[in-house]
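Residue strings, one per chain:
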Amino acid sequence: MALAESTELAYERAFQTHWGDVFRFALAWTNDWAAAEDLAQEAFLRLWDHRGRLDWDRPVLPWLLVATRRLATDRFRALRRRLSLSPVSPPETLDQGVQARWLDVRAALDGLSQLERTALVMTAVEGTSYDEAALVLGTTAGALRAAVSRARTKLENA
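Procedures and definitions
Residues numbered from 1 in each chain as written. Predicted model: local features only at pLDDT ≥ 70, side-chain atom pairs only at ≥ 80, totals over all residues. Heavy atoms only, no water. Helix = DSSP H or I, 4+ residues; strand = E, 2+ residues; numbered from the N terminus. Expected span 1.5 Å × (residues − 1). Buried < 20%, exposed > 50% of the residue type's maximum accessible area, 1.4 Å probe, protein only. Phe/Tyr/Trp six-rings, centres within 6.5 Å; stacked < 30°, edge-to-face > 60°. Salt bridge = Lys/Arg side-chain N within 4 Å of Asp/Glu carboxyl O. Axes fitted to C-alpha atoms, helices over the stretch in contact; angles between N-to-C directions. Parallel < 35°, antiparallel > 145°, perpendicular 65-115°, else oblique. Contact = heavy atoms within 4.5 Å. Nonpolar A, V, L, I, M, F, W, Y, C, P; charged D, E, K, R; others polar. pLDDT = per-residue confidence, 0-100. Core = buried A, V, L, I, M, F, W, Y, C linked by side-chain atoms within 4.5 Å. Domains from an automatic or database assignment.

Caption draft 1: Inspection of helix 5 (residues 114-125) at higher detail. With twelve residues, helix 5 extends 15 Å between its outermost C-alpha atoms, agreeing within 8% with the 16 Å of an ideal straight helix rising 1.5 Å per residue. Buried within helix 5 are the following residues: E116, R117, T118, A119, L120, V121, M122 and T123. Two residues or fewer past helix 5, G127 is found with a positive phi of approximately 85°.

Now the structure itself:
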């Protein structure tokens, strides 16, 4: 009984500590607020399902980010199968100036690959080290640096 309670407390602490990180990571992958929320929720649901098998003495954030990346990849594959390409418009509740900036940012980010967008957000926005981001994204730090460099070049030329 005590083990189950300590596991539940560890899960609750992980949720409170890492929800924002997981959500921002999902947002970097999807560029869609609602989809990012769904992915983050699903990642924490998977964490709950695996809570008895995890070593809670180790950092749980890398596990969550890898789960989120895998969920995002699955989501993109399913979307690709179901949908044809269609333009996405900003929410109608935004004022015209914000909508224009949103479209500019969205267009610029859409010109980046998933790896470039996620690497840029993780390192430049979140402040994650190249080594940590590379571990989460399943690549090397050198490849991640190259992806960030390509992303910055593309954004500068956009």
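Caption draft 2: Highlighting the packing of aromatic side chains. As enumerated under the stated definition, the model contains seven aromatic pairs in all. For the ring pair F15 and W19, a centre distance of 5.5 Å and an interplane angle of 40° mean the geometry is tilted. You can see F15 and its partner W19 sitting in helix 1 (residues 2-30), four residues apart, about one turn around the helix. Look at F15 and you get partly exposed, because its relative accessible area is 35%. When the ring of F23 is compared with that of W33, the centres are 4.8 Å apart and the planes differ by 65°; the resulting orientation is edge-to-face. Taken together, the positions of F23 in helix 1 and W33 in helix 2 (residues 33-49) put the pair ten residues apart, joining distant regions of the chain.

Caption draft 3: Inspection of the environment of P59 at higher detail. Within the secondary structure layout, P59 lies in the loop between helix 2 and helix 3 (61-82). Placed 45 residues apart in sequence, P59 and A14 show a C-alpha to C-alpha distance of 9.2 Å.

Caption draft 4: Molecular detail of the pattern of salt bridges. Taken as a whole and judged by the stated rule, the model has four salt bridges. Ionic pairing is found between E116 and R150, a salt bridge with its closest N-O pair at 3.0 Å. Separated by 34 residues along the polypeptide, E116 in helix 5 and R150 in helix 7 (residues 141-157) bring together distant segments of the chain. Residue class for R150 comes out partly exposed when judged on its relative accessible area of 40%. A salt bridge links E116 to K154, with the nearest nitrogen and oxygen atoms 2.8 Å apart. In this pair, E116 sits in helix 5 while K154 sits in helix 7, placing the two residues 38 residues apart along the sequence. Note on E116: relative accessible area 3%, which makes it buried. Through salt bridges that share partners, E116, R150 and K154 make up one connected network.

Caption draft 5: Structural detail: the packing of helix 6 (residues 130-137) against helix 7. Running from amino to carboxyl end, helix 6 crosses helix 7 at an angle of 100°, the nearest separation of the two axes being 8 Å. On the basis of the axis angle, helix 6 is roughly perpendicular to helix 7. On helix 7, the residues touching Y130, D131, A133, A134 and L137 of helix 6 are A141, L144, R145, V148 and R152. Looking at the contact of helix 6 with helix 7 residue by residue, the class counts come to seven nonpolar, no polar and three charged.

Caption draft 6: Spotlight on the confidence of the model for the protein chain. Confidence in the prediction of the protein chain, expressed as mean pLDDT, is 84, and 88% of residues score 70 or more. For the protein chain, helix 4 (residues 96-110) is the element with the lowest average pLDDT, namely 76, and helix 2 is the one with the highest, namely 94.

Caption draft 7: Fine view of the nonpolar core. Core analysis: the largest hydrophobic core is formed by 34 residues, its most contacted members being V22, F25, L47, L64 and M122. Mapped onto this core, the elements with two or more residues apiece are helix 1, helix 2, helix 3, helix 5, helix 6 and helix 7. Looking at this core, the element that brings in the most residues is helix 1, giving seven residues. The two domains that each donate at least three residues to this core are domain 1 (1-91) and domain 2 (111-158). Discounting chain neighbours no more than four positions away, the residues touching V22 are A40, A43, F44, L61, L64, L65 and T68.

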